[in-house]
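# Structural features, examined
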Amino acid sequence: MLFDSLDFKAMESSLAANWTKQQVIAQNLANVDTPGYKAREVSFENVLDRKMLDSKDNRYAFQTTITQQQDTYINPDGNNVDVDKESMDLYDSYIQSAYLVQKMNAVFSNYRYVLTQSSFK
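Please read all numbers here as calculations on a predicted model, not as lab measurements.

## Remarks on the pattern of salt bridges
Taken as a whole and assessed by the stated rule, the structure comprises two salt bridges. Through salt bridges with shared partners, a single network forms among Glu-41, Lys-85 and Asp-89.

## What to know about the environment of Gln-27
Inspection of the secondary structure assignment puts Gln-27 in helix α1 (residues 6-30). For Gln-27, a relative accessible area of 43% corresponds to the partly exposed category. Distance in space between the C-alpha atoms of Gln-27 and Ala-39 is 8.5 Å, their sequence separation being 12 residues.

## Concerning the environment of Phe-8
Secondary-structure assignment places Phe-8 in helix α1. Phe-8 gets classed as buried once you look at its relative accessible area, which sits at 6%. C-alpha of Phe-8 to C-alpha of Met-104: the two residues are 96 residues apart in sequence and 7.5 Å apart in space.

Definitions and cut-offs
- Residues numbered from 1 in each chain as written.
- Predicted model: local features only at pLDDT ≥ 70, side-chain atom pairs only at ≥ 80, totals over all residues.
- Heavy atoms only, no water.
- Salt bridge = Lys/Arg side-chain N within 4 Å of Asp/Glu carboxyl O.
- Helix = DSSP H or I, 4+ residues; strand = E, 2+ residues; numbered from the N terminus.
- Buried < 20%, exposed > 50% of the residue type's maximum accessible area, 1.4 Å probe, protein only.

Spelled out as structure tokens, the structure:
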């Protein structure tokens, strides 16, 4: 029941999308000195299928799309990785992930409280 709830699926999907974003940012930062390397960005799209909402099998997901920045040049060698921007994006993604984990822990704590406080006499 808990793992099938729409809220939990949304949090789980958000964490997975943030993980993908962190991996792409880490790749960008690792290639900051690679000539001709083009930075990649991750965008999220909320996917909520109306048919699934009406059925018992609710799904809530974020579809991630990775695109390559072609039109910007920061360095003369063609590399367009902006370390400051990537660092801020990584920090932003970390904060979002930390919030989601905290929110999921609160849900688990609520269920734990209900289970330990109820008496089955």
